[in-house]
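A look at the structure
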Amino acid sequence: MTKHELLDTVNPDGSPTGERLDKAEIHARGLWHRDVHVWLTDGERTLEQQRAWNKKIMPGAWDVAVGGHVSAGESYLDAAMRETEEELGLRFAPERFRYAGRLAVEMVMQPGPDAWMHRTVGDHFVVVERNLDVAGLQLQQSEVIGARMYPIHQLAADLAHEETVQLHAPQPSALWQLGIAAMQAAARE
């Protein structure tokens, strides 16, 4: 992460406002901005990353394989490719990223007196890699402290039950459902 990371602000529908601000200011003011998620699957399992404990958003949680902010002037696809290489050490050709959809998300972070609103409009992509090898990943230690392959059907079951939903990052249900459906569809192709 750079000291001053500039992001484009957007409207809730994803349309640009024309304003570029530092990520810290965007977060402090609760402004809408862009993010990206990449769901990696071998067809039956999905790769989950464990977020570093020092992360401001969902520290230590098992989350989508790749996630990050879209830099000012950057396309969603370019951000997906950059984040995949940065976080996991994986480089895929642009055509490997299958578009899965866009989702606007509002989440309260750090509930309590230090609460703040994280508002993002994110594009989601799926990459099917049949021979995905967790041992061969080059994790970005400042962002990711672990990786695991998790059965997609078990992820769906976990998210449906209060007792097991906490095994995964507290992302909105709609975000998880989008990724699960997209991975299942991509695996059938």
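Source: prediction; values computed, not measured.

Quick notes on the rules
Numbering of residues begins from 1 in every chain and follows the order in which that chain's sequence is written. It should be noted that, the model being predicted, local features are given only for residues of pLDDT at least 70 and side-chain atom pairs only at 80 or more, the latter also being counted only at that level, while totals for whole chains, interfaces and linings use all residues. Heavy atoms throughout the structure, all of them, feed into the side-chain values; hydrogens and water do not. Numbering of helices and strands runs from the N terminus, with a helix taken as a DSSP run of H or I at least four residues long and a strand as a DSSP run of E at least two residues long. In what follows, residue pairs with any heavy atoms lying within 4.5 Å of each other are defined as contacts. Throughout, nonpolar core names a set of buried Ala, Val, Leu, Ile, Met, Phe, Trp, Tyr and Cys residues whose side chains join them through atoms within 4.5 Å. Relative accessible area decides the class of each residue, using a 1.4 Å probe on protein chains only: under 20% of the type maximum gives buried, over 50% gives exposed, and in between gives partly exposed. Aromatic rings from Phe, Tyr and Trp, with only the six-membered ring used for Trp, were paired whenever their centres fell within 6.5 Å, and each pair was classed as stacked if the ring planes differed by under 30 degrees, edge-to-face if by over 60, and tilted otherwise. Basic side-chain nitrogens of Lys or Arg form a salt bridge, by our definition, when they fall within 4 Å of a carboxyl oxygen of Asp or Glu.

Here His-124 shows up in strand β8 (residues 116–128). The sequence separation of His-124 and Leu-178 amounts to 54 residues, and the corresponding C-alpha distance is 8.3 Å. The residues contacting His-124, other than those within four sequence positions of it, are His-37, Trp-39, Arg-98, Tyr-99, Ala-100, Gly-101, Leu-103, Leu-175 and Leu-178.

Bringing the nonpolar core into the picture now. Within the largest apolar cluster, 23 residues are counted, with the highest numbers of intra-cluster contacts made by Trp-39, Met-58, Met-109, Val-126, Leu-155, Leu-175 and Trp-176. The dominant element in this core, judged by the number of residues it contributes, is helix α4 (residues 173–188), at 6 residues. Beyond its immediate sequence surroundings of up to four residues, Met-58 is in contact with Arg-51, Asp-63, Met-107, Met-109, Ala-169, Pro-170 and Gln-171. Among the nonpolar cores identified, the runner-up in size contains 22 residues, and Val-10, Leu-88, Leu-90 and Val-127 belong to it.

Aromatic ring pairs are defined here through the distance separating the ring centres and the angle between the ring planes. In this structure the tally under the stated criterion is 4 aromatic pairs. When the ring of Phe-97 is compared with that of Phe-125, the centres are 6.3 Å apart and the planes differ by 85°; the resulting orientation is edge-to-face. In this pair, Phe-97 is assigned in the loop between α2 (76–88) and β7 (98–109) and Phe-125 in strand β8, connecting sequence segments 28 residues apart. Per residue, the accessibility class of Phe-97 equals that of Phe-125, and both read buried.

Here the structure, examined in full by the defined rule, presents 16 salt bridges. Between Lys-23 and Glu-5 there is a salt bridge, with the nearest N and O atoms lying 3.3 Å from each other. In this pair, Lys-23 sits in helix α1 (residues 23–29) while Glu-5 sits in the segment before β1 (6–10), placing the two residues 18 residues apart along the sequence. Assessed through its relative accessible area of 14%, Lys-23 is described here as buried. Two residues, Asp-8 and Arg-34, come together in a salt bridge whose shortest N-O distance is 3.1 Å. With Asp-8 in strand β1 and Arg-34 in strand β3 (residues 32–41), this pair connects stretches of sequence that are 26 residues apart. Residue Asp-8 is classed as buried on the basis of its relative accessible area of 14%.

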